[in-house]
Amino acid sequence: MAHPKSNGKVSSTLANLYARWRGRAPAAAALREAEEEAPDERLLQRIWEHQRLRRDQLKTLDGQSLRVLHPGFCNREAGPDFRGAVLQFPGELPRTGDVEIDLRPAGWRGHGHDRNRDYWNVVLHVVWDGEAQTRCALPTLALRSQLDSPLSELSLRFRHDVGPPGLLAGQCSAPLRGLPENVLREVLQQAALVRLQRKASEFAARARQVGWEQSLWEGLFGALGYKHNVWPMRRMAELLPLLEGKREKRSATFALQARFLGVSGLLPTDLSRARPSADSYLSRVWDHWWREREEFADLILPRGLWRLNGLRPANHPQRRLALAAHWLAADNVPDKLEQWFTSKIGDHQLEASLLKILQGKRDDFWSCHWTFRSARTRKPQPLLGAQRVTDLAVNVVLPWFWMRAVSGKSDGLQQTAEHRYFCWPRSQDNAVLRLARQRLLGGAHTRALRTAAMQQGLLQIVRDFCAHSNALCENCRFPELVRGLNLGVGKP
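Residues numbered from 1 in each chain as written. Predicted model: local features only at pLDDT ≥ 70, side-chain atom pairs only at ≥ 80, totals over all residues. Heavy atoms only, no water.

Peer 1: Tell me about the overall build of the protein chain, residues and numbers included.
Peer 2: Tallying secondary structure elements over the protein chain gives 20 helices and six strands in all. Split into buried and exposed, the 492 residues of the protein chain put 53% on the buried side. Split by element, the accessible area of the protein chain, about 22,900 Å² in all, is 48% carbon and sulfur. (Helix = DSSP H or I, 4+ residues; strand = E, 2+ residues; numbered from the N terminus. Buried < 20%, exposed > 50% of the residue type's maximum accessible area, 1.4 Å probe, protein only. Areas by Shrake-Rupley, 256 points an atom, 1.4 Å probe, with all protein chains shown as cover.)

Peer 1: Lay out the pattern of salt bridges with the relevant residues and their values.
Peer 2: One pass over the structure, following the stated rule, counts 24 salt bridges. For Arg55, the salt bridge goes to Glu238, with nearest N and O atoms at 2.8 Å. One end of the pair, Arg55, is in the loop between helix H3 (41–50) and strand E1 (67–70); the other, Glu238, is in helix H9 (residues 230–238), and 183 residues separate them in sequence. Exposure remark for Glu238: the relative accessible area of 11% places this residue in the buried category. Residue Asp270 pairs with Arg373 through a salt bridge whose shortest N-O separation is 2.9 Å. Taken together, the residues span a long stretch of sequence, with Asp270 in the loop between helix H11 (252–264) and helix H12 (276–292) and Arg373 in the loop between helix H15 (350–358) and helix H16 (386–407) at a distance of 103 residues. Counted as one network, the salt bridges with shared partners bring together Arg55, Asp56, Arg67, Arg206, Glu218, Arg234, Arg235 and Glu238. (Salt bridge = Lys/Arg side-chain N within 4 Å of Asp/Glu carboxyl O.)

Peer 1: Lay out the nonpolar core with the relevant residues and their values.
Peer 2: Ranked by size, the top nonpolar core spans 106 residues in total, and within it Trp21, Phe221, Phe260, Trp327, Trp424, Leu440 and Phe478 carry the most contacts. It is helix H7 (residues 181–210) that contributes the most residues to this core, 12 residues altogether. When near neighbours in sequence (up to four residues on either side) are disregarded, Trp327 contacts Trp217, Leu220, Leu224, Val333, Leu358 and Leu392. Membership of the second largest hydrophobic core comes to 24 residues, among which are Leu53, Leu58, Leu124 and Leu147. (Core = buried A, V, L, I, M, F, W, Y, C linked by side-chain atoms within 4.5 Å. Contact = heavy atoms within 4.5 Å.)

Next up, the structure:
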């Protein structure tokens, strides 16, 4: 399939147009005011959900160190803000419970949470600010001094970050359909650039804490977790300095697989008795893992941290951890990625060339099994497919290299990252993209979404504008801005 050519640059005709539009969205005021006043609870919820914190240095108001293994799932019903969080305090096993978020510690009693049975399972009270000597009914974490970036940046980032709108076509659908395709493509491209920069800034924030290479591993592992298992996969990446420390040189891939599966808590404890090949591999894994299980006992994740229901077999975290073991055993994946990024590669070869690096070698067991319990496949299956490589490219690899180039003040490498980002072939459709396409485009201009970046741009518009309105598009300025562009008003 042919893809439109792109030089990775935005034309001068519409230069910075989307950035100016975005400046008129509600977040612009938030950026100016964030340093002048405390954030609202909704912003604190987004910061907690995405863990934009110095995660290795968290301490509660009473001085206890805290490790967040999973921030929990956002609760839209009555009760605590997050359900099912998994936290670990020094010298204790991980505990599972709820998290409530307020501006001040006094909100716990002031809102009547202490008398409400819906809050009996809360294990952490997250607040914006509080004094160390404050008496608290339960462990309390104040975020003000523990953010990984300035509040103004996080305010701009997360005031756009809510779910997609309703099923009806938006009021911008008609004016967007009226745009010439090349103009619509320019708008989407500028929105996509905003999205690239946002993702890149998250890598920069994490790199300040753990270094560039470790931030890359955490991004790659997190992307393998999909939406339900991002945090346990990221936690596995955070443990890499400890898990790699005593890796054997012989059978390194298998040793890492056993260690990853053991520490993840995903290792089955009994044989299937019906799958000889799976039982043989599982027995080998346990023969290796039991010898070092005690050494890594403090790191083992609770199995309940993982969400396994509804997963496609190919996306099961057992198989993804097996792939990650191949990456680490190769011992040169970051170097190969550097070489890939700085080499001259044709646009139509980018996907295949990155896949060659990240796909991993054929695995005696995992190339023929989806999970420990699945039957042997009729023919070997790759550990990573082209579709997932596209997701890794636009969400991890290219934003990471773009930020490295910006930090190193290398305009040439920054342009390389942008060029590859804009010409990368489109990702497989999903529910969010289908909804965004229906909401904004009404099914028209499908050719404008022929690259992954154009899809990213569409999602960014939804976050920047649709997220601030309701299903009827009340008070949304985007339709007006698009109409102005149709009339030539939006042009510089």
